[in-house]
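# Examining the three-dimensional arrangement
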Amino acid sequence: MGMEKKIIVTGAQPTGGFHLGNYLGAVKNWCSLQEDFECFFFIPNLHAITCPSYSPTELRHNTIQMLAQFMACGLDPKKSHMFIQSSITGHTELAWILGCLTPVGQLFRMTQFKAKSEQKDFVGSGLLYYPILMAADILLYNAHLVPVGEDQKQHVELARDLAVKFNQTYGATFNVPEPYILKTGARVYSLQEPTKKMSKSDPNQKGTIFIFEPIDGIRKKIRSAVTDSGMGITFSKNKPGIANLMDIFAALTGLTVETVEAEYGTHSYSDFKNCVAEAVIEHLKPLQACYFELLKDKEYLNAVLEDSKKVAQAHASRMMAKVYRRVGLF
Ligand code: AMP
Ligand code: TRP
């Protein structure tokens, strides 16, 4: 009897282009999971509409763009399932059922809810319900592991709580999923303020490298990265700008930071920046070529979605039949 592969579920919201932090901290690492796990990589477009000012046209565009980004970054439709959340029946149904088990207090205490609702004049109930929908995404496929960044860990904890509560209330049904914070995931900092995380919403766009932006712009951003006025390519907390560039360089070349220090220690800052720029560009060029080819072939992208949708829907339907029976629904 063959060993069943463990199940991985994760998603990335269709909110625009990946930057180097998303790539090195998340998606590049997902690629290495594809061999050993059954992976469900999906696009949580229902989560995206919790932002009241989103544009429907842009959302549709960004959703397809996200699929092309997944694939250009190395997620392989022959190995993994890639699909759109709203195209599967089960996510919102399961969310409703899980919501009936969730104390409202726990939702109001969620860090992301508190932060996001403070920034808004209008706070829709969807924003409060967001973590329940995320729990449903995870439990619907009976995930064992959920790769997420630190900021989403609390939401995975809720999914765990709900799995346990459902199992206690209705009988053993769900695996209790584990958050999977990848240790190899580099944390990438802004090129302009190297003590702040690289982020797509940074008002200073010179600090953020979008992986599908034109090569010349990438080169310029790296060459004008903020560093201290010292010398020597050494890894130190006191030199966050250089340390960030060293981390990026190491992550892309597969070298350790120690090796980078040994081999480039005597370079000038500007020579080292050129080396980093060329390494980033070498690495991103084939991804960019692949991305723009994929975007031209909507038929292929739709075919990938259709294939994955069948598999994902089969899993979801099987799970929902079980859940409905347990809960006493028809
Ligand atoms: P976000 O763009 O914030 O929705 O993040 C999507 C994924 O990228 C999450 O898994 C984050 O942990 C990861 N990520 C975002 N920014 C960075 C960064 N600057 N460095 C490393 N990982 C990041
Ligand atoms: N909320 C996650 C984020 O913003 C995206 C997401 C939605 C997700 N559903 C998920 C991640 C299920 C992992 C599993 O990054």
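Small disclaimer: the values here were computed from a predicted structure and weren't measured.

Procedures and definitions
Residues numbered from 1 in each chain as written. Chains lettered and ligands numbered in written order. Predicted model: local features only at pLDDT ≥ 70, side-chain atom pairs only at ≥ 80, totals over all residues. Heavy atoms only, no water. Helix = DSSP H or I, 4+ residues; strand = E, 2+ residues; numbered from the N terminus. Rg over C-alpha atoms; globule rule 2.2 N^0.38 Å. Buried < 20%, exposed > 50% of the residue type's maximum accessible area, 1.4 Å probe, protein only. Contact = heavy atoms within 4.5 Å. Areas by Shrake-Rupley, 256 points an atom, 1.4 Å probe, with all protein chains shown as cover. Lys, Arg positive; Asp, Glu negative; His and termini not counted. Charge placed at Lys NZ, Arg CZ, Asp CG, Glu CD. Core = buried A, V, L, I, M, F, W, Y, C linked by side-chain atoms within 4.5 Å. Domains from an automatic or database assignment. Axes fitted to C-alpha atoms, helices over the stretch in contact; angles between N-to-C directions. Parallel < 35°, antiparallel > 145°, perpendicular 65-115°, else oblique. Nonpolar A, V, L, I, M, F, W, Y, C, P; charged D, E, K, R; others polar. Near = heavy atom within 4 Å. Polar contact = N/O pair within 3.5 Å; in protein donor to acceptor, adjacent residues only side chain to side chain. Buried area = accessible area lost by both parts, 1.4 Å probe.

With that settled, the discussion passes to the overall build of the chain. Helix and strand counts for the chain come out as 13 helices and five strands. For 330 residues, the compact-globule formula gives about 20 Å, and the C-alpha radius of gyration of the chain, at 21 Å, lands near that figure. In the chain, buried positions account for 49% of the 330 residues. Counting only contacts in the chain whose residues sit at least 6 apart along the sequence, the fraction spanning at least 24 positions is 74%. Of the roughly 16,200 Å² of accessible surface on the chain, 55% is carried by carbon and sulfur atoms. When the 35 positive and 32 negative side-chain charges of the chain are each reduced to one mean point, those points stand 4 Å apart.

Turning to the nonpolar core, a few remarks are in order. Ranked by internal contacts, the top residues of the largest apolar core, which has 63 residues, are F70, I211, I222, I248 and F272. For this core, the element with the highest residue contribution is helix α12 (residues 269–296), accounting for eleven residues. Built from parts of two domains, this core gets at least three residues from each of domain 1 (7–186 + 297–327) and domain 2 (205–292). I132, A135, V148 and A312 belong to the second-largest nonpolar core, a separate cluster that totals 40 residues.

A few words on the packing of α12 against helix α13 (residues 298–327). Running from amino to carboxyl end, α12 crosses α13 at an angle of 90°, the nearest separation of the two axes being 5 Å. Between α12 and α13, the interaxial angle falls into the category roughly perpendicular. Two secondary-structure elements touch here, α12 through L294, L295 and K296 and α13 through K298, Y300 and L301. Looking at the contact of α12 with α13, its residues break down into four nonpolar, no polar and two charged.

Close contacts around ligand 2 come from 13 residues, with Q13, Y130, M134, D137 and Q152 the closest. In this structure, a nitrogen atom belonging to ligand 2 sits 2.7 Å away from a side-chain N or O atom of Y130. At 3.0 Å, a side-chain N or O of Q152 approaches a nitrogen atom of ligand 2. Isolated, ligand 2 exposes 370 Å² of accessible area, and the fraction of that covered by the protein chains is 89%. Mapped onto the shell around ligand 2, the elements with two or more residues apiece are β1 (6–11) and α7 (125–140). Among the elements that make up the shell around ligand 2, the one with the highest residue count is α7 (four residues). Tallied by class, residues from the shell around ligand 2 come to seven nonpolar, five polar and one charged.

A word on the site of ligand 1. Close to ligand 1 lie H19, G21, N22, G25, A26, G149, A186, R187, V188, K197, M198 and K200. One nitrogen or oxygen atom from the main chain of G149 is found 3.4 Å from an oxygen atom belonging to ligand 1. Relative to its unbound accessible area of 480 Å², ligand 1 is 73% covered by the protein chains. The residue inventory of the shell around ligand 1, partitioned by class, reads four nonpolar, five polar and three charged.

Below, the discussion takes up helix α4 (residues 91–99). Inspection of α4 places H91, L94, A95, I97, L98 and G99 among the buried residues, and these make up the whole buried set. Contact partners of the buried residues in α4: β3 (81–84), α7, α8 (153–170) and α13.

The domains assigned to the chain are domain 1 (7–186 + 297–327) and domain 2 (205–292). The C-alpha-based centres of domain 1 and domain 2 are spaced at 32 Å. Every contact between the two is made by 13 residues of domain 1 and, on the other side, twelve residues of domain 2. By the criterion of area lost to domain 2, the three top residues of domain 1 are L20, Y23 and A72, representing 43% of everything that side buries.

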